[in-house]
Amino acid sequence: MDSHSQVLERLRTGFRSGITLPLEFRRTQLTKLLALVKDNEEQIVKALHQDLAKPKFESILSEVEIVTNDLHHAISNVATWIQPEYVPKNLATKLDDCFVRREPLGVVLIIGPWNYPLQLLILPLVGAIAAGNCAVIKPSEVSSATDCLVAELIPKYLSQDCYAVVRGGAEETKALLQNRFDHIFYTGSQAVARSVVQAASVHLTPVTLELGGKCPCLIYGRINIQAAAHRLVWAKYFNAGQSCVAPDYVLCTKATRDALVPALTNVLEEFYGKEPQKSPDLSRIVSARHFTRLMKLLEKTKGKVVIGGQSDEDDKYIAPTVLVDVEEDDVLMGEEIFGPILPILTVEELEKSIELVNRKEKPLALYVFSDESSVVKMTMENTSSGGFCSNDGIVHMTLPGLPFGGVGASGWGSYHGRWGFETFSHRRACMLRGWALERLNGLRYPPYSDDKLKWLRWTTSAHSTCSLM
Amino acid sequence: DWMERQLLQQAKEAFVSGRARPLEFRLQQLHALQRMIMEKETEISTALKQDISRSQYDTPLLELISIENEIKLAIEKLAQWAAPRPVEKSLFTISDEVYIQPEPLGVVLIIGAWNYPWALTLIPLVGAIAAGNAAVVKPSELSKCSSLLLHALLPCYLDKDLYPVVTGGVSETQQLLRLRFDHIFYTGGSTAGKLVMEAAARHLTPVTLELGGKSPCYIDKDCDVRTACRRVTWGKFVNCGQTCIAPDYILCEPCIQGQVVEFIRETLLEFYGADPKCSPDYGRIINQEHFNRIMSLMEGYTPVVGGQSDSSQWYIAPTVLKDVPPHSRLMQEEIFGPLLPIVTVSDMEDAINFINEREKPLALYIFCSDQKAIKRMIEETTSGGVTVNDVMMHYTVSSLPFGGVGQSGMGHYHGKHTFDQLSHQRACLIRSLKMERVNLARYPPQDRRRARRVRMALRSPLIDTSKRTLIWAVVATILGIGLFITLLVILLIAAGLNCTCWYWRGFYN
C-alpha cells in the first residue's frame, strides 16, 4: 500500500501533466464512473445491506439513482460549464475582453461519511472530476463493506494517475490531513470539522463542510394530517433516521399532536407492518457504538414513548419510536439524534416555535407542514437554515439545480449539479486589453490634474455606457 | 475584551431585531454611505496624506471612485440581487416552487488593510449592508489617521448598533477573533490569514481571505515594449508599490532587458520628474518597519534605476534591479514596495515554468501581441486574476469576481460577488400536500414497479437543455416553419390561380 505522500506525489504529477484538463478526459472519467455504478449495482446494494441493513429500494433511490442522475447531468453539461463567462463592462474597458475562466484547483481531498457511504462520497467526486481536478477519496471506515468495495472498484474504472482511494480510521485521516491539498471536502460531524479546518488553515486550503444539525419540523395551521404523516414518516425513518436532513424533532400544538400520533401509528403500520423488525424495508443502526448512544438517549429522556421503543441489540435494531411531552431542555434536544427516534414538542404558538428554533444552531434543513401559505412564509422569513422544504422532507436535495449545503454550524459551501463543479473550480477573472487607446490610459498617469480626474470618473462609472448614447 | 464583546452583542441584537432586513433600510444605509464619501472627501484625503503620503489625486482615483461605483451598483441592483432565483425542476417537483433565496448571514467581521484603508474596508461593507447583515468593522491600525477618521465618521452616517467600528492593534484583533461571527472577511498578508482561518475554525465560521503574493509580469520580446513599460511603471509605483496586485517582478528575455530598463526610466521621468522625492504624486512607505524591510531586500544588489532613500521621510525612490537571481531574498517574499526586479527567462515556456514553480499569485500580467501565445500562457498557469497588456485593470470591472487562489486567498468579491459571498443561498422547495397519490409510489412496502415509477419521476432535468438538443430544436422549428410557409404559398398560389380564373371569367361575363 502506497504511503500518503507517495499517493499525493503521483496525483500531483498527474495534475501537473495537464491530463485532467481536456473536456474529453473529464467526460470519459465521468462516463466510466457511471459504468462503475451501473455495472456494480448488485454489489453496491449488497455492501450497503451489510453495513446498514439498507433495503434495496433505499439503496437504489438514495445511493444509485441520485448518483446516476448527477453523473448524467454533469456529462451533459460539463461542456457548457467550462466555457468562459463573458461579463458586462464599463466604458473604459468597452473594447476589452472581460471573462471569467473556471480552472481546476489541483489535488482535492474528499472525506465521506458512513450514512450514505456511496452517495456522499461520489457526488462530490463528480464535481471534482468535472472541474478537472485530481482527487484523494477517503471513504468512512465505519461503513466497512462499502469502504472495501469503493477501494476495489475506483482503481478499476478511473485513471490511477489522477484518483486514489485512501482507507483508514481516525488516526490515518489525521495524518492525511497534515498534507497539503488544494481543497478539502468534508461530510460529517462538527467536532471533526473543527480539526479539519484547523489542519486546512496551516496550508490556507479552502474547505467545504457538509455537517448536520437538528432539523426542525414545524406543523401548524390547517393541515391534511394523513398526507403530512405519510411524508414525515417517510423522511424520518428513511435509513432508520440516519440522514443529515432527516426531520430531527417536531413542533406542533397539542391538538395537532393528538391528531398526529394516531396518524403516525397508522402510517408506520402501513409502511413496516405490525412487526417492523421483520419488514425488509427498514434499515438498522450502523454500529454498536451508535446503537448504545441512541439507547442511552431513550433511557435518559423525560418524554413519554407513545409509539415503538423496542430494540434488539444483536440486530442493532431500534423500532420506529415517537415520544411526546418532550421539553426544550430534554436530553433528546441536545445533539443531533441521527436515529429512528422522533420527539414531539408541544408549543401552542407558531411564533414561540420559531423562537425555539432560532435559539438553537442553524440546521441543515428546516421543514414546515401546513396547508396555509402564511404559516410557510412566516417560518421561512424568520428562520435560517441550509435548505428549506415545505410539506415534505429530504426531497429538496434530489434537485441538481438547488445547491445543497449548510449555514453556520450546519456547514460551509454547497454542491450538487453545477454547484459541485463551482465548488471545485477557481473562478479566474481575465481581462485582455489592446495596445490602442494609450491616450485614454494617460488619464490615470501622473502628473495628476483635476481635469484628468473628471474624465476618469466619467469613463469608469458603471453608468457611462448610457451617457454615451 | 469586554468592549469588543459588548459591540458584538449589540450588533447581534440589532440584527436579530430584523431592522437590517428590509430592502428600504439597506438602500437608506447605502445612500448614507455614499453621502459620507462625497461629503468627507477632503477629510479622507488629508487622513491618507498623513498615513501614507497619498497624493490628493490618487485618493479618489484609487479608492473613492471604486467605492462610489460599488455603492451605485448596489443601490441600482439590490432588488434584483435579493430576489429569489428560480431553478430547474424535475417531474417530481413539476407543480412546486423551486428557488434559491439569498439571505443574510448575521454579523460579519471585516478586517481592513492599511494600503487602501478606505476601499478595502468599505467595499466589503457595501456588500455586507446590501446582503442585510450587521458588520463589525476593524480598520488597520497602521493607517492610523484613516482608522480614527472612519471610527468618527461611520456612526454619524450609518446605524450605530449594526455597523460598529473597532479600532486598535493586534491585541484588539485577537480579541475579536476569539468571538463568534457568521463570516470573517480579511484582507492582508498570508501569515495573518492563516491565523484568521485557524481562529475561525473554532467556531466553524466561514472566511473570505484576500491575501497577496508575488504577481509576475511577463513582457514578450515581440510586443510594444514601450507601452508595456509605461503601464507597468504606473501599476508598480502607484501607492509606492504597496498594492496587493502590483506587478511584483518582471520576467523577460535578456535581449530586451536593456530596453525595458530604459523605457521605465523614461516613464519615471515623465511621471515623477527628475527627483521623485519632490513630486506631489509620489507616495511614501507606511512605517519604519516596512521601510527597513524593503531596504534590506535590496542589500547586495546595485539598482540600475533609483535606489536612493531617505529614512526620515520613509522615502524610497522608484528602483529597478536587473538580472536578479531567482533564489535571492528579493524573489522570496512579496516586495510590497517600489523595487522592481527583472528576472531573465529564455522564452515564454521558461516563463511559464518559472511561474508554475511558485505559489499561485493574486494576479498575473502578460504583455504580448500574439493571441495564441497569450491563450497558451493563460491556459498553462493559474492565478487569482489576469490582465493582459496592462496591469491591475481587472480589479476595476465589478462584474469580474476579484479574489485569490491557493496562498493568495479564498473567496471573491466586488459588485454582485460581494453580495453573494456575504449571503447564504438557501435552497427552497415549496410543496403542497395535494397530489398525494403521485407520492404513494415512494413509500414502503416497496416493489419493483413502484420503484421504477419513482426513478422516472426523480429524473432531472425535465427538459434536456444541452446545446445539441437546442440546435436540433431550432433546426426542426425552422424546417417546420419553412414547410408550413411553403404549404401556405402553394395553397395561396392554387387559390390565387383559381381566383384569377374566376376573375377573368367574371370579367368577360
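Residues numbered from 1 in each chain as written. Chains lettered and ligands numbered in written order. Predicted model: local features only at pLDDT ≥ 70, side-chain atom pairs only at ≥ 80, totals over all residues. Heavy atoms only, no water.

## Comments concerning a nonpolar patch on the surface
Part 1 of the reasoning: Judged by side-chain polarity, Ile481, Phe484, Ile485, Leu488, Val489 and Ile493 of chain B come together as a nonpolar surface patch covering roughly 550 Å² of accessible area.
Part 2 of the reasoning: Turning to its location among the elements, isoleucine 493 of chain B is positioned in helix H17 (residues 467-508). (Patch = residues over 30% accessible without salt bridge, like charges linked within 9 Å, V, L, I, M, F, W, Y side chains within 5 Å. Areas by Shrake-Rupley, 256 points an atom, 1.4 Å probe, with all protein chains shown as cover. Salt bridge = Lys/Arg side-chain N within 4 Å of Asp/Glu carboxyl O. Helix = DSSP H or I, 4+ residues; strand = E, 2+ residues; numbered from the N terminus.)

## Concerning the domain arrangement of chain A
Residues and elements named next belong to chain A.
Part 1 of the reasoning: Taken domain by domain, chain A holds domain 1 (4-212 + 413-426) and domain 2 (216-401).
Part 2 of the reasoning: One C-alpha centre belongs to domain 1, the other to domain 2, and the line joining them spans 31 Å.
Part 3 of the reasoning: Between domain 1 and domain 2 the total buried area reaches about 1900 Å² when both faces are included, carbon and sulfur atoms providing 59% of it.
Part 4 of the reasoning: For the pair domain 1 and domain 2, the interface holds zero salt bridges.
Part 5 of the reasoning: At the junction of domain 1 and domain 2, the tally comes to eight residue pairs in polar contact (both at pLDDT 80 or more).
Part 6 of the reasoning: For the side of domain 1 that touches domain 2, the elements supplying multiple residues, two or more each, are helix H3 (41-52), helix H4 (56-81) and helix H14 (418-423).
Part 7 of the reasoning: Examining the composition of the side of domain 1 that touches domain 2, we find that six residues originate from one element, H4, more than from any other.
Part 8 of the reasoning: Here the residues of the side of domain 1 that touches domain 2 sort into ten nonpolar, seven polar and five charged. (Domains from an automatic or database assignment. Buried area = accessible area lost by both parts, 1.4 Å probe. Polar contact = N/O pair within 3.5 Å; in protein donor to acceptor, adjacent residues only side chain to side chain. Nonpolar A, V, L, I, M, F, W, Y, C, P; charged D, E, K, R; others polar.)

## Examining the pairing of strand E6 (residues 183-187) of chain A
Residues and elements named next belong to chain A.
Part 1 of the reasoning: With five of its five residues buried, E6 lies for the most part within the structure.
Part 2 of the reasoning: Neither face of E6 is exposed, since His183, Phe185 and Thr187 on one face and Ile184 and Tyr186 on the opposite face are all buried.
Part 3 of the reasoning: In this structure, strand E3 (residues 107-111) lies alongside E6, joined through four bridges in parallel fashion. By the bridge assignment for E6, valine 108 is matched with histidine 183.
Part 4 of the reasoning: Across four bridges, E6 lies against strand E7 (residues 207-210) in parallel orientation. Paired with phenylalanine 185 across the strands is threonine 208, a residue of E7.
Part 5 of the reasoning: Handedness of the crossover is the feature at issue here: the chain leaves E6, passes through helix H8 (residues 190-203), returns alongside E7, and the resulting connection is right-handed. (Buried < 20%, exposed > 50% of the residue type's maximum accessible area, 1.4 Å probe, protein only. Pairing = 2+ DSSP bridges. Right-handed = clockwise from strand over helix to strand, strands pointing away.)

## Re the UniProt feature "active site" (unreviewed entry) in chain B
Residues and elements named next belong to chain B.
Part 1 of the reasoning: Following the UniProt record, one finds the feature "active site" (unreviewed entry) at Glu210 and Cys244. The largest pairwise C-alpha distance within this set of annotated residues, which runs over 35 residues, is 9.0 Å, so the set is compact in three dimensions.
Part 2 of the reasoning: Checked against the element boundaries, glutamate 210 lands in strand E6 (residues 207-210).
Part 3 of the reasoning: Examined against the element boundaries, cysteine 244 turns out to sit in the loop between helix H9 (225-237) and strand E8 (249-252).
Part 4 of the reasoning: Look at cysteine 244 and you get buried, because its relative accessible area is 15%.
Part 5 of the reasoning: Dropping the residues within four chain positions of it, cysteine 244 is found in contact with Asn115, Leu211, Ser215, Glu334, Phe336 and Leu362. (UniProt positions renumbered as here; feature names shortened; annotations may be inferred. Contact = heavy atoms within 4.5 Å.)

## Brief notes about the domain arrangement of chain B
All names here are of chain B.
Part 1 of the reasoning: Domain annotation for chain B reports domain 1 (1-210 + 414-425) and domain 2 (216-407).
Part 2 of the reasoning: The C-alpha centroid of domain 2 is placed 30 Å from the C-alpha centroid of domain 1.
Part 3 of the reasoning: Each partner contributes residues to the interface: domain 1 has 25 residues there, and domain 2 has 22 residues.
Part 4 of the reasoning: Overall, the association of domain 1 and domain 2 removes approximately 1900 Å² of surface from exposure, summing both partners, and the carbon and sulfur fraction of that is 53%.
Part 5 of the reasoning: Counting the surface domain 1 buries against domain 2, the share from its top three residues, Trp114, Glu210 and His414, is 29%.
Part 6 of the reasoning: Inspection of the domain 1/domain 2 interface yields zero salt bridges.
Part 7 of the reasoning: Taken together, the connections running from domain 1 to domain 2 amount to eight residue pairs in polar contact (both at pLDDT 80 or more).

## Comments concerning the UniProt feature "active site" (unreviewed entry) in chain A
All names here are of chain A.
Part 1 of the reasoning: Here, UniProt's "active site" (unreviewed entry) annotation points to Glu210 and Cys244.
Part 2 of the reasoning: Take glutamate 210: it is sitting in strand E7.
Part 3 of the reasoning: We classify glutamate 210 as buried; its relative accessible area is 2%.
Part 4 of the reasoning: Setting aside its immediate chain neighbours within four residues, glutamate 210 contacts Phe185, Tyr186, Thr187, Gly188, Phe404, Gly405, Ser410, Gly413, Ser414 and Tyr415.
Part 5 of the reasoning: Looking at where cysteine 244 falls in the secondary structure, it is placed in the loop between helix H9 (225-237) and strand E9 (247-252).
Part 6 of the reasoning: If we skip the residues at most four places from it in the chain, cysteine 244 touches Asn115, Leu211, Cys215, Glu336, Phe338 and Leu364.

## Focus on the pairing of strand E14 (residues 341-346) of chain A
Residues and elements named next belong to chain A.
Part 1 of the reasoning: E14 sits mainly inside the fold: five of its six residues count as buried.
Part 2 of the reasoning: In this structure, E9 lies alongside E14, joined through three bridges in parallel fashion. Across the sheet, residue leucine 251 finds its bridge partner in E14, namely leucine 345.
Part 3 of the reasoning: Examined bridge by bridge, strand E13 (residues 321-324) and E14 share three bridges and lie parallel to one another. Bridge pairing in E14 links valine 322 to leucine 342.

## Description of the interface of chain B and chain A
Part 1 of the reasoning: With 111 residues of chain B in contact, the opposing surface of chain A contributes 105 residues.
Part 2 of the reasoning: For the pair chain B and chain A, the summed buried surface comes to about 9200 Å²; carbon and sulfur atoms form 58% of the total.
Part 3 of the reasoning: On the chain B side of the interface with chain A, the three residues burying the most area are Leu204, Arg426 and Leu433 of chain B, jointly 9% of the side's total.
Part 4 of the reasoning: On inspection of chain B and its partner chain A, the count reaches eight salt bridges.
Part 5 of the reasoning: Across the pair arginine 431 of chain B and aspartate 392 of chain A runs a salt bridge, and its minimum N-O distance is 2.6 Å.

## Some words on the pattern of salt bridges
Where charged atoms of side chains with opposite charge meet at close range, the side chains can pair.
Part 1 of the reasoning: Counted by the stated rule, this structure contains 52 salt bridges over all chains.
Part 2 of the reasoning: Measuring nitrogen to oxygen at the nearest pair gives 3.7 Å for the salt bridge that ties aspartate 182 of chain A to lysine 360 of chain B. With aspartate 182 of chain A in the loop between helix H7 (170-177) and E6 and lysine 360 of chain B in the loop between helix H12 (348-356) and strand E13 (363-367), the pair connects residues from two separate chains.
Part 3 of the reasoning: Of the residues examined, aspartate 182 of chain A reaches a relative accessible area of 12% and is grouped as buried.
Part 4 of the reasoning: Linking glutamate 275 of chain A and lysine 278 of chain A is a salt bridge whose minimum nitrogen-to-oxygen distance equals 2.7 Å.

## Points about unusual backbone geometry
Part 1 of the reasoning: For the peptide bond that leads from proline 446 of chain A to proline 447 of chain A, omega is -10°, which places it in the cis range.
Part 2 of the reasoning: In this structure, proline 447 of chain A sits in the loop between helix H15 (438-441) and helix H16 (450-460).
Part 3 of the reasoning: Looking along the chain, the bond that leaves proline 444 of chain B and enters proline 445 of chain B is cis, with omega of -10°.
Part 4 of the reasoning: By the element assignment, proline 445 of chain B lies in the loop between helix H15 (436-439) and helix H16 (448-458).
Part 5 of the reasoning: Not every positive phi belongs to a glycine, and alanine 53 of chain A is a case in point at roughly 50°.
Part 6 of the reasoning: Looking at where alanine 53 of chain A falls in the secondary structure, it is placed in the loop between H3 and H4.
Part 7 of the reasoning: With a relative accessible area of 16%, alanine 53 of chain A lands in the buried category.
Part 8 of the reasoning: Even without a glycine there, the phi angle at tryptophan 314 of chain B is positive, about 55°.
Part 9 of the reasoning: On the basis of relative accessibility, which here comes to 29%, the residue tryptophan 314 of chain B falls in the partly exposed class.

## Let's talk about the confidence of the model for chain B
Part 1 of the reasoning: Per-residue pLDDT for chain B averages 91, and the proportion of residues at 70 or more is 95%.
Part 2 of the reasoning: Interface confidence for the predicted complex, expressed as ipTM, amounts to 0.94; the pTM equals 0.92. (pLDDT = per-residue confidence, 0-100.)

## Quick look at helix H5 (residues 119-130) of chain A
Residues and elements named next belong to chain A.
Part 1 of the reasoning: In this model H5 runs 16 Å from its N-terminal to its C-terminal C-alpha over twelve residues, within 8% of the 16 Å that 1.5 Å per residue would give.
Part 2 of the reasoning: Across the twelve residues of H5, twelve count as buried, placing the element largely inside the fold.
Part 3 of the reasoning: Listing the buried residues of H5 in full gives Gln119, Leu120, Leu121, Ile122, Leu123, Pro124, Leu125, Val126, Gly127, Ala128, Ile129 and Ala130.
Part 4 of the reasoning: Positive backbone phi, at 90°, marks glycine 132, one or two positions downstream of H5. (Expected span 1.5 Å × (residues − 1).)

## Considerations on the sheet that holds strand E16 (residues 423-430) of chain B
Part 1 of the reasoning: One open sheet holds the ten strands; their spatial order is E10(A)-E13(A)-E14(A)-E9(A)-E8(A)-E15(A)-E16(A)-E16(B)-E2(B)-E1(B), and the pairing between them is mixed. What marks the edges here is a single partner per strand, and that holds for strand E10 (304-307) of chain A together with strand E1 (85-86) of chain B.
Part 2 of the reasoning: Across the face of the sheet, H9 of chain A comes into contact with strand E8 (215-219), E9, E13, E14 and strand E15 (365-369) of chain A while running at roughly 150° to E9 of chain A. (Axes fitted to C-alpha atoms, helices over the stretch in contact; angles between N-to-C directions.)

## Examining the UniProt feature "domain: Aldehyde dehydrogenase" (unreviewed entry) in chain B
Part 1 of the reasoning: Following the UniProt record, one finds the feature "domain: Aldehyde dehydrogenase" (unreviewed entry) at residues 7-425 of chain B.
Part 2 of the reasoning: Split by type, residues 7-425 of chain B is 43% helix and 15% strand. Its first and last C-alpha atoms lie 27 Å apart.

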